[in-house]
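Examining the three-dimensional arrangement
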There are 2 protein chains.
Amino acid sequence: MAYRPTEKTEARKRAQHKLLSDTALNIVARGGFNALTVASLAEEAKVAIGTIYKYFKDKSAVCTHVFQRGSAREVETVEQCAFPEGVRPEDMADCRTRLEETIRVFSMRALAGHKLAYALIAEPIDPMVEAERLKYRQAYAEIFSRLVQEGVDKGEFRPQDSRVAATAIVGALAETLVGPLARVAEGQEDIGLEELVDSIKTFCLAAVLA
Amino acid sequence: MAYRPTEKTEARKRAQHKLLSDTALNIVARGGFNALTVASLAEEAKVAIGTIYKYFKDKSAVCTHVFQRGSAREVETVEQCAFPEGVRPEDMADCRTRLEETIRVFSMRALAGHKLAYALIAEPIDPMVEAERLKYRQAYAEIFSRLVQEGVDKGEFRPQDSRVAATAIVGALAETLVGPLARVAEGQEDIGLEELVDSIKTFCLAAVLA
DNA sequence: TGATAAAGTGAATATTAATTCATATTATCT
DNA sequence: AGATAATATGAATTAATATTCACTTTATCA
């Protein structure tokens, strides 16, 4: 043999993958998943169409990757908010406070993220990627579920099925945000976002409190 | 001139339109909007592809029509439940009771409607039709909003933005039902539907109550 | 430098589904 | 029956993308 992959080639491979990943994320953030075509990605990344297929099995894989990458940071941030790490147990706020804060952060980030958040939460995409969205929403539900359960155990919240409550919270958040998100995504700045988030917060709080 | 539309031809026209409408609704109820193509509709209705275009402007129009027809009865039923007609004011149940009942009926019908309900509430479809779903959900939100507002005015519910609460309720319902709906739609009968609906009901009630 | 393997290319092809349109059929009226 | 108009037909066309693949370029190593 007379060819072996080396550190340099591996580095380039990683760089190319990152280039495609970044570009794809940009395209989605700018125009939603509709704007992400193999051709548009190739053009914007300045590579040939065929190159895409050296790095991703097919179009679906690109979408899935973008979805995961786009949502990972969101989920992480929200989780950190619900269950702050590096805080001594005695300094940990009560569940009610953390739930409020988590809802606020979720909403505000969604509203600030414009098109990307809309794409992740609500934009219609093809069924193969839809499975990813389900996971995305479930990841959130999982976080809320743990928080609600902790609240129930500590007597802060009424006894309830924390899975259902968590799913309902995610649904309530998504549904109330979709309208405003669509408007914000289209550039018509909207006032009253603070009030909106307050209303949602109050609604969810009341739903789970004792 | 030597041709004039007559009652007979008009009747046939209506019959044909109904045939296409029924067939399209059947296809969606059976396989979701994905299964509804111009070709599949033509085949199942036993007409030529071109015929579809004599009755509908384009594919979108077919989808929109199916969506409206499919949802009309649902919305009507739910509305009747929230605001029963032909009941003397003094016999009208309180808002809390009506809200509970409305949520129960909404959920149960969705769960019983299998694939159609899933298609209307959650199945990803193309953007043109998506606008219709937004209207569909808003129709529900409108009903809940009126009911919540009435409850607030009567002091049964806490003071709140009834639009936000209503939207949140619709979101909570849709989100909690999608999972079970998908499972029911695939034939894996699910137990615990009653409990699920009870949990959702309790959640929403707690959220709006004083 | 020549052999080997991987990465890159993009025109050609495949896919999927909507839409059109020249033609045929059917209904109506005198 | 003949004239007229609406309705029906479905093969052919269009459209929008995804996917392939024969070929070129680049990198590695003996």
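Presented here is an overview of the structure given in this document.

Rules behind the numbers
Residues numbered from 1 in each chain as written. Chains lettered and ligands numbered in written order. Predicted model: local features only at pLDDT ≥ 70, side-chain atom pairs only at ≥ 80, totals over all residues. Heavy atoms only, no water. Helix = DSSP H or I, 4+ residues; strand = E, 2+ residues; numbered from the N terminus. Buried < 20%, exposed > 50% of the residue type's maximum accessible area, 1.4 Å probe, protein only. Contact = heavy atoms within 4.5 Å. Areas by Shrake-Rupley, 256 points an atom, 1.4 Å probe, with all protein chains shown as cover. Lys, Arg positive; Asp, Glu negative; His and termini not counted. Charge placed at Lys NZ, Arg CZ, Asp CG, Glu CD. Least-squares fit on C-alpha atoms with pLDDT ≥ 70 in both. Axes fitted to C-alpha atoms, helices over the stretch in contact; angles between N-to-C directions. Left-handed = near helix turned anticlockwise from the far one by under 90°. Nonpolar A, V, L, I, M, F, W, Y, C, P; charged D, E, K, R; others polar. Buried area = accessible area lost by both parts, 1.4 Å probe. Salt bridge = Lys/Arg side-chain N within 4 Å of Asp/Glu carboxyl O. Polar contact = N/O pair within 3.5 Å; in protein donor to acceptor, adjacent residues only side chain to side chain. Arc of directions from axis to C-beta. Near = heavy atom within 4 Å. Phe/Tyr/Trp six-rings, centres within 6.5 Å; stacked < 30°, edge-to-face > 60°. Lys NZ or Arg CZ within 6 Å of the ring centre and 35° of its normal. Core = buried A, V, L, I, M, F, W, Y, C linked by side-chain atoms within 4.5 Å.

1. Description of the overall build of chain A
Scanning chain A from N- to C-terminus turns up 9 helices and 0 strands. Principal-axis analysis of the C-alpha atoms places the extent of chain A at approximately 70 × 45 × 25 Å. In chain A, which comprises 210 residues, the share counted as buried stands at 47%. For chain A, the share of sequence-separated contacts (at least 6 apart) that also reach a separation of at least 24 residues comes to 68%. Element-wise, carbon and sulfur atoms account for 54% of the exposed surface of chain A, whose accessible area totals about 10,600 Å². Computing the positive centroid from 28 side-chain charges and the negative centroid from 31, chain A places the two 8 Å apart.

2. Describing the relation of the copies chain A and chain B
Expressed as a screw transformation, the operator carrying chain A onto chain B has a rotation angle of 180° and an axial translation of 0.1 Å, and the superposed copies differ by an RMSD of 0.2 Å. The operation mapping one copy onto its partner corresponds to a two-fold rotation axis. Of the residues that chain A buries at the interface, 100% are likewise interface residues in chain B, meaning the two copies contact each other through the same surface.

3. Details of the packing of helix α5 (residues 95-112) of chain A against helix α9 (residues 193-208) of chain A
Residues and elements named next belong to chain A. The contact between α5 and α9 brings their axes to 10 Å, and the two run at 145°. By crossing handedness, the relation of α5 to α9 is classed as right-handed. Residues R96, L99, E100, I103, R104, S107, M108 and L111 of α5 form the contact with α9, whose participating residues are L193, E194, V197, I200, K201, C204, L205 and V208. In terms of residue class, the contact of α5 with α9 is made up of 10 nonpolar, 1 polar and 5 charged.

4. A short note on the interface of chain A and chain B
Counting residues at the interface gives 26 residues for chain A, matched by 26 residues for chain B. Summed over both sides, the interface between chain A and chain B buries roughly 2,100 Å², with carbon and sulfur atoms accounting for 74% of that surface. Taken together, chain A and chain B are joined by 2 salt bridges. R137 of chain A is the salt-bridge partner of E175 of chain B, the closest N and O atoms lying 2.2 Å from each other. The tally of links from chain A across to chain B stands at 2 residue pairs in polar contact (both at pLDDT 80 or more). For the side of chain A that touches chain B, the secondary structure elements donating two or more residues are α7 (127-153), α8 (162-185) and α9 of chain A.

5. Some remarks on helix α2 (residues 38-45) of chain A
Within the sequence span of α2 of chain A, burial applies to V38, L41, A42 and A45 of chain A. The buried residues of α2 of chain A occupy an angular sector of 100° when projected down its axis, which confines them to one face.

6. Looking at the pattern of salt bridges
It is possible for side chains bearing opposite charge to pair when their charged atoms get close. Inspection of the entire model under this criterion finds 30 salt bridges over all chains. The closest approach of N and O atoms between E74 of chain B and R109 of chain B, which form a salt bridge, is 3.2 Å. Taken together, the residues span a long stretch of sequence, with E74 of chain B in helix α4 (residues 59-82) and R109 of chain B in helix α5 (residues 95-112) at a distance of 35 residues. Linked through salt bridges whose partners overlap, the residues forming this network are K18, D22 and R69 of chain A.

7. So, the protein's contact with DNA strand C
As a structural note, the neighbourhood of DNA strand C is formed by 24 residues, with K13 and T51 of chain A together with A2, T6 and K59 of chain B the closest of them. Close to the protein, within 4 Å, the atoms of DNA strand C belong to sugar or phosphate groups at a rate of 67%. Elements with a contribution of two residues or more to the surface near DNA strand C: α1 (7-31) and α3 (49-55) of chain A together with α1 (7-31) and α3 (49-55) of chain B. Take the surface near DNA strand C: its biggest share by element is 5 residues, from α3 of chain A. Of the residues contributing to the surface near DNA strand C, the split by class is 11 nonpolar, 6 polar and 7 charged.

8. A word on the packing of aromatic side chains
Residues and elements named next belong to chain A. On inspection of all chains with the given rule, the structure shows 9 aromatic pairs over all chains. Ring geometry for F33 versus F67: centroids 5.9 Å apart, planes at 20°, classification stacked. With a gap of 34 residues between them, F33 in the loop between α1 and α2 and F67 in helix α4 (residues 59-82) connect regions that are remote in the sequence. The class of F67 is buried, set by a relative accessible area of 0%. The structure contains a cluster of three or more aromatic residues connected by ring pairs, namely F33, F67, F106, Y136 and Y140. A cation over a ring is seen here: R146 above F83, with NZ or CZ 4.3 Å from the ring centre.

9. Comments concerning the protein's contact with DNA strand D
Close contacts around DNA strand D come from 24 residues, with A2, T6 and K59 of chain A together with K13 and T51 of chain B the closest. Take the atoms of DNA strand D that sit within 4 Å of the protein: sugar and phosphate atoms are 67% of them. Interatomic distance of 3.2 Å between a backbone N/O atom of R4 of chain A and a sugar or linking oxygen of DNA strand D. The separation between a phosphate oxygen of DNA strand D and a polar main-chain atom of V38 of chain A is 2.9 Å. If you list the elements that add at least two residues to the surface near DNA strand D, you get α1 and α3 of chain A together with α1 and α3 of chain B. Looking at the surface near DNA strand D element by element, the count peaks at 5 residues for α3 of chain B. Classifying every residue of the surface near DNA strand D by side-chain character gives 11 nonpolar, 6 polar and 7 charged.

10. Comments concerning the nonpolar core
In terms of nonpolar packing, the biggest core is built from 131 residues, with L36 and F203 of chain A together with L36 and F203 of chain B touching the most fellow members. If sequence neighbours within four positions are ignored, L36 of chain B has contacts with A24, I27, V28, L41, K59, V62, C63 and V66 of chain B.

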